[in-house]
Amino acid sequence: MSGVSLRDVQAIDVHCHPYVANPNPYTPEEFVKKLSLSVIPSSGLKTNERNKKHPYPGTNMWVQILINRLAKYYSCAPELEEVVKQRNVRTADFREYTRELFRDANIIGLVMDFGYPSPPLDKKEYTDLCGVRIWEIYRIEPVMARLRGECNSFGEFVEKYRADLRGALKKEEIVGLKSIIAYRSGLQISEKNEAAANEQWEEFLANERAEVKAIRDYCLHVAMEECTEAEKVMHIHTGIGDGDVILDKASPSFLFPLLRKYSDTQVHLVHGGYPWMEEAAFIVSVLPNVYMDISLQNPFAGHGVERILSQVFEFAPFDKVMYGSDAFTVPEMNWMGVHLFKECFEKVLNSWIASDYMDVETAQAIGEMVLYRNFENVYRPFF
Ligand SMILES: [Zn+2]
């Protein structure tokens, strides 16, 4: 063996979302929109007279790479219009198409957040669509939004909220809770303060999306307590996301005091805090029960995935990082996620061999750890 080869290594995607078949064939514009993290509607640029060799308006490297790789997969010209045409033929049987992509990428399991899209899609239907093993995480924010309409006081709300989380954590298929507090009030979490939370109750009643930081912080503390009790994993969104994220409070460094306090709680930093992944890497290097994944930044940072992997492993222990995609609209995201990740990781691992930091066997082992073995070790109790 002259270098690392990840091509045949299986992958478990530790963070992604479900989707359904598009009812009608996509236009190129519709397909491109599905590939974007943007929640802002497009500017309505005229695209019918464009030069097909020029980038489609608004697209970036990730879309460029996907078009090229799909063109190779379909054996067609590497142009958006041609790729979408081929896709529309193949997605006539969306289930077979999806399963074929999953087989091609050797994806054997998914950890799924059914909290997006909303209202939630059916788990059984999605399992049938992709044909692989699924584990679930349970989002706390929809629980909070639902229960606030059913309760007469903050005290009653907290009681029901805790009972709801506890009930969910008892379910075998649920491996942990998840919070998107980075989209609501940010990751700078205050001490648990019941009086301050109680004061925001009316505001929360009036608007489920209200900042109500004291309530949200309180609820995150409760979620951490329940995960600790149930010995399951707390997933926390860190870093960028879609356009609603509170960007100036999304760095994982804000979570550091909370993570130190709950040193017995297993925490999974979703998206590894990109673009602050070095902070996440440091945190997982000093706190034994904290892990990170490289989802969203992979595949949406495109060619940057190679740089990211190199930077994350400046500090992160090899057994603390897991593969993910954050696929959320189309199966090509799951597929491209694995292929881009493997391609970039091979380059990084082979550069470590060339530098004489390790031999091929060690580099190969690290590749396999990140792609699926670390997940198996962290989540083994839930198999
Ligand atoms: Zn996600």
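Not measured: the values here are computed from a predicted model. (Residues numbered from 1 in each chain as written. Predicted model: local features only at pLDDT ≥ 70, side-chain atom pairs only at ≥ 80, totals over all residues. Heavy atoms only, no water.)

1. Some words on the pairing of strand S3 (residues 133-139)
1) Next: The buried count for S3 comes to five of seven residues, which makes it a mostly enclosed element.
2) Next: With five bridges joining them, strand S2 (residues 107-113) and S3 adopt parallel strand pairing. Within S3, the position partnered with Met112 by the bridge is Glu136.
3) Next: Handedness of the S2-helix H5 (residues 123-130)-S3 crossover: right-handed. (Buried < 20%, exposed > 50% of the residue type's maximum accessible area, 1.4 Å probe, protein only. Helix = DSSP H or I, 4+ residues; strand = E, 2+ residues; numbered from the N terminus. Pairing = 2+ DSSP bridges. Right-handed = clockwise from strand over helix to strand, strands pointing away.)

2. Let's talk about the UniProt feature "domain: Amidohydrolase-related" (unreviewed entry) in the protein
1) Next: The feature "domain: Amidohydrolase-related" (unreviewed entry), as given by UniProt, occupies residues 223-343 in the numbering adopted here.
2) Next: Along residues 223-343 one finds 44% helix and 15% strand; the C-alpha atoms at either end are 37 Å apart. (UniProt positions renumbered as here; feature names shortened; annotations may be inferred.)

3. Quick notes on unusual backbone geometry
1) Next: For the bond from Tyr116 to Pro117, the omega torsion is -5 degrees, close enough to zero to count as cis.
2) Next: Looking at the secondary structure, you find Pro117 in the loop between S2 and H5.
3) Next: With omega at 5 degrees, the peptide bond leading from Asn298 into Pro299 counts as cis.
4) Next: Within the secondary structure, Pro299 sits in helix H13 (residues 297-300).
5) Next: Residues other than glycine seldom take positive phi values, yet Asp326 does so here, at roughly 60 degrees.

4. Some points on helix H2 (residues 61-74)
1) Next: Counted at 1.5 Å a residue, the expected span for H2 with its 14 residues is 20 Å, and the 20 Å between its end C-alpha atoms agrees.
2) Next: The complete set of buried residues in H2 reads Trp62, Val63, Ile65, Leu66, Ile67, Leu70, Ala71 and Tyr74.
3) Next: If you follow the buried residues of H2, they end up packed against helix H1 (28-34), helix H3 (80-90), helix H4 (94-105), H13 and helix H15 (331-354).
4) Next: Following H2 by one or two positions, Ser75 adopts a phi angle in the positive range, close to 55 degrees. (Expected span 1.5 Å × (residues − 1). Contact = heavy atoms within 4.5 Å.)

5. Points about the side chain of His15
1) Next: Position of His15 relative to the elements: it lies in strand S1 (residues 11-16).
2) Next: Look at His15 and you get buried, because its relative accessible area is 0%.
3) Next: Leaving out residues up to four positions away in the same chain, His15 has contacts with Val111, Asp113, Ile137, Lys178, Val270, His271, Asp293, Ser295, Gly324, Ser325, Asp326 and Ala327.

6. Re the coordination of the zinc ion
Tetrahedral coordination by four donors places them ideally at 109.5 degrees to one another around the metal; octahedral coordination by six donors ideally gives 90 or 180 degrees.
1) Next: His15 (NE2), His17 (NE2) and Asp326 (OD) make up the full set of protein donors to the zinc ion, lying at 2.1 Å.
2) Next: Of note, the donors binding the zinc ion are all from one chain and are spaced H-x1-H-x308-D. Remark: Asp326 occurs in the loop between strand S8 (321-323) and H15 and His17 occurs in the loop between S1 and H1; sequence separation between them is 309 residues. Of the two residues examined, His17 and Asp326, each falls in the buried class. (Donors = N, O, S within 2.8 Å, 3.2 Å for Na, K, Ca; no water.)

7. Looking at the packing of helix H12 (residues 277-286) against helix H14 (residues 304-315)
1) Next: Contact geometry for H12 and H14: axes closest at 7 Å, N-to-C directions at 35 degrees. Here H12 and H14 pass one another in a crossing that is right-handed. Packed against H12, whose contacting residues are Met277, Glu278, Ala281, Phe282 and Ser285, the element H14 presents Arg307, Ile308, Gln311, Val312, Glu314 and Phe315 at the interface.
2) Next: Class assignment of the residues belonging to the contact of H12 with H14 gives a composition of six nonpolar, two polar and three charged. (Axes fitted to C-alpha atoms, helices over the stretch in contact; angles between N-to-C directions. Left-handed = near helix turned anticlockwise from the far one by under 90°. Nonpolar A, V, L, I, M, F, W, Y, C, P; charged D, E, K, R; others polar.)

8. Considering H12
Note: α-helices contain 3.6 residues per turn, so residues at a spacing of three or four share the same orientation.
1) Next: Those residues of H12 not exposed but buried are Met277, Ala280, Ala281, Ile283 and Val284. Along H12, the residues classed as buried sweep out an arc of 165 degrees about the axis, all on the same side.
2) Next: In this structure, the buried residues of H12 make contact with helix H11 (256-261), strand S6 (266-270), strand S7 (290-294), H13 and H14. (Arc of directions from axis to C-beta.)

9. What to know about the environment of Glu332
1) Next: Take Glu332: it is sitting in helix H15.
2) Next: Accessibility expressed as a relative area gives 0% for Glu332, which makes it buried.
3) Next: Setting aside residues up to four positions removed in sequence, Glu332 forms contacts with Phe31, Leu66, Leu70, Tyr74, Arg87, Tyr97, Leu101 and Gly337.
4) Next: Within the structure, Glu332 has its side chain in polar contact with the side chain of Arg87 (distance 2.5 Å). (Polar contact = N/O pair within 3.5 Å; in protein donor to acceptor, adjacent residues only side chain to side chain.)

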